[in-house]
Amino acid sequence: MNYQQTIDWMFTQLPMYQRQGKTAFKKDLTNSLALSKHLNFPEKKFKSIHVAGTNGKGSTSHMLASILQEAGFNVGLYTSPHLKDFRERIKINGEVISEKDVITFIEQNSSFFEQHQLSFFEMTVGLAFNCFEKYKVDIAIIEVGLGGRLDSTNIITPEVSVITNIGLDHTQFLGETLPEIAFEKAGIIKNNIPVVIGEFQEETFSVFKEISEKNKTKLYIASKEVETLYKTDLLGYYQLNNVKTAVKTIEVLNSIGYSISNNVLEKGLLNVVTNTKLLGRWQILQKKPKVVCDTGHNTEGLTYVIKQLKNEKYENLHIVLGVVNDKDLDTILPMFPKAATYYFCKPNIPRGLSAEILKNKALHFNLNGNCYNSVELAVNSAKEIATSNDLIFVGGSTFVVAEVI
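The sections below set out a description of the structure shown in this document. (Residues numbered from 1 in each chain as written. Predicted model: local features only at pLDDT ≥ 70, side-chain atom pairs only at ≥ 80, totals over all residues. Heavy atoms only, no water.)

Let's talk about the overall build of the protein
Here is step 1 of the chain: When helices and strands are counted, the protein shows 18 helices and 14 strands.
Here is step 2 of the chain: Taken over the C-alpha trace, the protein has a radius of gyration of 21 Å; the compact-globule value for 405 residues is 22 Å, and the two agree within 12%.
Here is step 3 of the chain: In the protein, buried positions account for 58% of the 405 residues.
Here is step 4 of the chain: Long-range pairs, those at least 24 residues apart, make up 76% of the contacts in the protein between residues at least 6 apart in sequence.
Here is step 5 of the chain: Total accessible area computed for the protein in this model is approximately 17000 Å², and 49% of it derives from carbon and sulfur atoms.
Here is step 6 of the chain: Both charge centroids of the protein, one from 43 positive and one from 43 negative side chains, sit 2 Å from each other. (Helix = DSSP H or I, 4+ residues; strand = E, 2+ residues; numbered from the N terminus. Rg over C-alpha atoms; globule rule 2.2 N^0.38 Å. Buried < 20%, exposed > 50% of the residue type's maximum accessible area, 1.4 Å probe, protein only. Contact = heavy atoms within 4.5 Å. Areas by Shrake-Rupley, 256 points an atom, 1.4 Å probe, with all protein chains shown as cover. Lys, Arg positive; Asp, Glu negative; His and termini not counted. Charge placed at Lys NZ, Arg CZ, Asp CG, Glu CD.)

Structural data, given as structure tokens:
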């Protein structure tokens, strides 16, 4: 198979949460452990930092990778989902792995995958760990896919465990309340391995405290312990929390024998996009009219995005909006500003919600606009209507953003 055929096989033959939703979710680490053994335990050959959380885990992971690259380490970075190319999920020093890496891994292990009916995510984690061993990374930043306790990545023993925050997302898998979700995320806390919590939240702190005590691990709260304000090239004021989480994680690494200077820390935070090629976080696509996209898609993520929108200066606001079909629209739609023209569209994946359904639901909340047959048509229509001093925001889903960058 060539690269495209290999990727198509991965996407279609095996369950993939990104496209299918709940049917792709596996509550079991059996396959991940079996694959690790089959590959001769690649995750034991490099150091790692494990990053979980409802929001900010992607940005925080990229910040940590950037800082460690500036410190001279050979750095692996595993994140999900991807926006344009599957290989964005697995990077070494900011560069995606090669197409050949993907093809060879699938070819060499396809019989094992089929025999054990591995999910898309289980295979991808195996590929990441295999590449990190193969290219001899010093340390890898491993972002959790979903939850933590039973996530395919949770076979590593990291230097530090990081949990950015807890919000109500993926409740069909992780629980209906914040403490229930916190329990799933806290599953990455390991015996005697320090844990950094990004944001202090009254409702979830006791869960983290209890599990940390059981595991005899030191617990740090970044939002309470980091007072210095550091700048980052990632736009959006919501990055402040993620910066504090990254800074605290580096402080903890230094306390266990690393030596990362303040100068390196600052440089890493200022060069996240250059060093890691991160996309879709309050990304400015065009200046006049200003077009901005952001991957925020749940209540907490959108709270920050809407707040950022309110800080922008413009004459008229245009919002290109598309969502997936498992979003709680009664919760997220009231958050959006009424004083805007909406362009409703469906992201081009099976889980995409029809633009008509979204439009009709939005009308209940006085959000008015038209339906478009694709994200591209919606964006182009907004550009045609907008004047140079207007603002066009594109978002609602990672998959809408993927179609515009």
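So, next bit.
Some thoughts on the sheet that holds strand E7 (residues 195-197)
Here is step 1 of the chain: Spatially, the 8 strands line up as an open sheet ordered E4-E3-E2-E5-E1-E6-E7-E8, and their pairing is mixed. In the strand order of this sheet, the two ends are held by strand E4 (95-96) and strand E8 (219-221), each with one partner.
Here is step 2 of the chain: The pairing of strand E6 (residues 160-163) with E7 spans 3 bridges and is classified as parallel. If you follow Ile-163 over to E7, its bridge partner there is Ile-197.
Here is step 3 of the chain: Across the sheet, helix H11 (residues 239-255) lies against strand E1 (47-52), E6, E7 and E8, angled at about 165° from E6, the strand it touches most. (Pairing = 2+ DSSP bridges. Axes fitted to C-alpha atoms, helices over the stretch in contact; angles between N-to-C directions.)

Digging into the pattern of salt bridges
Here is step 1 of the chain: Applying the stated criterion across every chain, the model contains 13 salt bridges.
Here is step 2 of the chain: Of the charged contacts, one joins Arg-87 and Asp-85 as a salt bridge, the two residues approaching to 2.8 Å between their closest N and O atoms.
Here is step 3 of the chain: Residue Arg-87 is classed as buried on the basis of its relative accessible area, which comes to 15%.
Here is step 4 of the chain: A relative accessible area of 21% places Asp-85 in the partly exposed class. (Salt bridge = Lys/Arg side-chain N within 4 Å of Asp/Glu carboxyl O.)

Structural notes on the nonpolar core
Here is step 1 of the chain: In terms of nonpolar packing, the biggest core is built from 34 residues, with Met-10, Phe-86, Phe-113, Phe-129 and Phe-132 touching the most fellow members.
Here is step 2 of the chain: Counting residues per element, the ones that place at least two in this core are helix H1 (3-13), strand E3 (90-92), helix H5 (99-116), helix H6 (120-134) and strand E5 (139-143).
Here is step 3 of the chain: A per-element tally of this core places H6 first, with 9 residues.
Here is step 4 of the chain: Setting aside anything within four residues of it in sequence, one finds Phe-113 in contact with Trp-9, Leu-35, Phe-105, Ile-106, Leu-118 and Met-123.
Here is step 5 of the chain: In this structure, Ile-139, Val-226, Leu-234 and Val-252 belong to the second largest nonpolar core, which totals 32 residues. (Core = buried A, V, L, I, M, F, W, Y, C linked by side-chain atoms within 4.5 Å.)

Focus on the environment of Thr-299
Here is step 1 of the chain: Looking at where Thr-299 falls in the secondary structure, it is placed in helix H14 (residues 299-311).
Here is step 2 of the chain: Take Thr-299: its relative accessible area is 24%, and that puts it in the partly exposed class.
Here is step 3 of the chain: C-alpha separation for the pair Thr-299 and Ile-332, spaced 33 residues apart in sequence, amounts to 5.9 Å.
Here is step 4 of the chain: If sequence neighbours within four positions are ignored, Thr-299 has contacts with Thr-331, Ile-332 and Met-335.

Examining the packing of aromatic side chains
Here is step 1 of the chain: This structure, assessed with the given rule, holds 14 aromatic pairs.
Here is step 2 of the chain: Where Tyr-78 meets Phe-121, the ring centres are 6.2 Å apart and the plane angle is 70°; that geometry is what we call edge-to-face. Taken as a pair, Tyr-78 in strand E2 (residues 75-78) and Phe-121 in helix H6 lie far apart in primary sequence, 43 residues in all. Across the pair, exposure class does not vary: Tyr-78 and Phe-121 are buried alike.
Here is step 3 of the chain: Seen in terms of ring centroids, Tyr-342 and Phe-344 are 5.7 Å apart; in terms of plane orientation they differ by 10°. Their pairing is stacked. Comparing Tyr-342 with Phe-344, the two get one shared label, buried.
Here is step 4 of the chain: A network of ring pairs unites the aromatic residues Phe-11, Phe-86 and Phe-120 as a single cluster. (Phe/Tyr/Trp six-rings, centres within 6.5 Å; stacked < 30°, edge-to-face > 60°.)

Considerations on unusual backbone geometry
Here is step 1 of the chain: Here Ser-80 and Pro-81 are connected by a cis peptide whose omega angle stands at -5°.
Here is step 2 of the chain: In this structure, Pro-81 sits in the loop between E2 and E3.
Here is step 3 of the chain: Note the cis peptide between Lys-288 and Pro-289, where omega equals -5°.
Here is step 4 of the chain: When you line up the elements, Pro-289 lands in the loop between strand E9 (283-286) and strand E10 (290-293).
Here is step 5 of the chain: Positioned with a positive phi, Asn-40 is a non-glycine residue whose angle comes to about 65°.
Here is step 6 of the chain: Relative to the elements of secondary structure, Asn-40 occurs in the loop between helix H3 (30-38) and E1.
Here is step 7 of the chain: Notably, Gln-117 is not glycine yet its phi reads approximately 50°, a positive angle.
Here is step 8 of the chain: Structurally, Gln-117 can be placed in the loop between H5 and H6.

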